[in-house]
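Listed here are the chains, written in short residue letters.
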Amino acid sequence: MPLEYALQHGRRFPDPGPWKLPKSVNVSLKAPLNIGELPAQKVRRSKRRPYVFNLMVAGDSGLGKSTFINTLFNAPLRENPGAKHLASVQTVDIQPTTYELFEENVTLHLTVVDTPGFGDTLNRDADFNPIAQYIDAQYDKYLKAERSDEKRGNILDSRIHALLYFLPPTGNGLRDLDIEFLSRFCTKVNIIPVIGKGDGLSPEESAMYKKAILKDLARNDIRTYPTHHAEDRDHLAKFEKFIPFSVVGSDDYIVKNGVKVRARVYRWGAVEVENEQHCDFVHLREMLIRTNMQDLIDTTHLVHYSLYRSGKMGGESSSNGRPASVLACDDDMYDNQMQNAKKVAMDEMKMKEEQMRQNFISRVRDKEAELRAREEALNAKRKQMMDEIDAMRRQLEM
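In what follows, the accompanying structure is described. (Residues numbered from 1 in each chain as written. Predicted model: local features only at pLDDT ≥ 70, side-chain atom pairs only at ≥ 80, totals over all residues. Heavy atoms only, no water.)

Among the surface-exposed residues, Leu29, Leu33, Ile35 and Leu38 lie close enough to one another that they form a single nonpolar patch of about 410 Å² accessible area. Along the polypeptide, Leu38 turns up in helix H2 (residues 38-48). (Patch = residues over 30% accessible without salt bridge, like charges linked within 9 Å, V, L, I, M, F, W, Y side chains within 5 Å. Areas by Shrake-Rupley, 256 points an atom, 1.4 Å probe, with all protein chains shown as cover. Salt bridge = Lys/Arg side-chain N within 4 Å of Asp/Glu carboxyl O. Helix = DSSP H or I, 4+ residues; strand = E, 2+ residues; numbered from the N terminus.)

Right, here's the structure in full:
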């Protein structure tokens, strides 16, 4: 029951709430209604409008981010920026670029947001602030569009749905810069750690590096996608074993068994981009595009944007006259919050019950030990008195 309704009616009348449906009654159909065609109708309707996916890439320069984007979407989207002078880099430059991809009557408006200059300066705030301001600006733009009657029906979504953070192939775990970045942005966006230029590590070094990264993530309570935020858990176990993804990108092709494949060619051989024995590129691409793209969009709206919107609405509660306790009931995550609160309360009750049971058992044992000691003392005293009586009897008989 929403708090606002409960305060008005004192829980006298059951209210399902504006976001809930009353209990339904199961009915058997006597004739087919073709309800099964509804998903197909939704698919046909969704194909009329282009899908929107916004991807941000961040990480040190020289890790192959531009080449990786070209490889990921199988198109020449980004050009290699080439070498640059670090002395000329003053701050991170946010560069969003939108592309229109078309395949099988489905249009995808893909926006790639690059962050050149990240990690090239000694001032971390100069690296982090432009990225945080850009992400918050897109959330704020969407929030204003939701409040506008004119734009509510057709809101242009520029929110970041996924952030690929490229880690250097050092093999030594996360750096302080990586930990601070991941800690700051893991609650703002779906962040996916990626090891750039993974062919710089041997398979054994890559496995040890991944273990070190996972330990650092757990130690610093850094929540990454898909482990912590994914709504679609069907494919979670399949992708979790590859996190963080070790990837290789290439714009070049070689011919292998009569087939052209993307690869990086070295003097000692070639590293095939789409060979899962060489890197995790195919698994990352499958997660981003084939299985979890819609889930990334939904998670951005239901988790990260909802937290941003709640914070904004909570800050404005004094101006619109609605207390924060009532605003909490309006949030989409209210039911989940209530379920979590109930679970926490039940766990605390069970813990207190167990503590009381242990205290009772301890007190009973202490009392039993005390009574046993008293009984032994009485028996000893009784034996002593009986020995004295026997001694007196023997003296009288003499």
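What follows continues from the structure just given.
A separate point is the sheet that holds strand E5 (residues 191-195). Strands pair in a sheet through their backbones, by hydrogen bonds, and they do so in one of two ways: parallel or antiparallel. If you walk across this open sheet you meet the six strands as E2-E3-E1-E4-E5-E6, and the pairing is mixed. Sheet topology places strand E2 (95-103) and strand E6 (245-246) at the edges, where each strand pairs with a single neighbour. Along the sheet, helix H3 (residues 65-72) contacts strand E1 (51-59), strand E3 (106-114) and strand E4 (162-167); its crossing angle with E1, the most-contacted strand, is approximately 150 degrees. Where helix H6 (residues 203-219) meets the sheet, it contacts E4, E5 and E6, and its direction lies at approximately 150 degrees from that of E5. (Pairing = 2+ DSSP bridges. Contact = heavy atoms within 4.5 Å. Axes fitted to C-alpha atoms, helices over the stretch in contact; angles between N-to-C directions.)

It is possible for side chains of opposite charge to pair when their charged atoms get near one another. For the structure shown, the criterion picks out 21 salt bridges. Arg223 serves as the salt-bridge partner of Asp221, at 3.9 Å between the closest nitrogen and oxygen. With its nearest N and O atoms 3.3 Å apart, the salt bridge here joins Arg290 to Glu286. In this pair, Arg290 and Glu286 are both assigned in helix H8 (residues 281-291), four residues apart and thus about one turn of the helix distant. Taking the relative accessible area as the measure of exposure, Arg290 reaches 65% and is therefore exposed. Given a relative accessible area of 17%, Glu286 falls into the buried group. (Buried < 20%, exposed > 50% of the residue type's maximum accessible area, 1.4 Å probe, protein only.)

Roughly 1100 Å³ of volume is contained in the largest pocket. Top contributing element to the lining of the largest pocket by residue count: helix H9 (residues 293-315), with five residues. Taken together, the residues that form the lining of the largest pocket break down as nine nonpolar, eleven polar and eight charged. Each pocket or cavity is described by its volume, and for the second largest pocket that value is around 870 Å³. Around the second largest pocket, the lining is made up of 27 residues, and of these Glu103, Val106, Leu108, Ile289 and Met293 lie nearest the centre. Elements with a contribution of two residues or more to the lining of the second largest pocket: H2, H3, E2, E3, H8 and H9. Ranked by residues supplied to the lining of the second largest pocket, first place goes to H8 with five residues. (1 Å grid on protein atoms, 1.4 Å probe; cavity = no way out; pocket = protein on both sides within 12 Å on 5 of 7 lines; lining within 4 Å. Points joined across faces, edges and corners; volume = space filled by probe spheres on them. Nonpolar A, V, L, I, M, F, W, Y, C, P; charged D, E, K, R; others polar.)

Geometric values such as these leave the question of function open.
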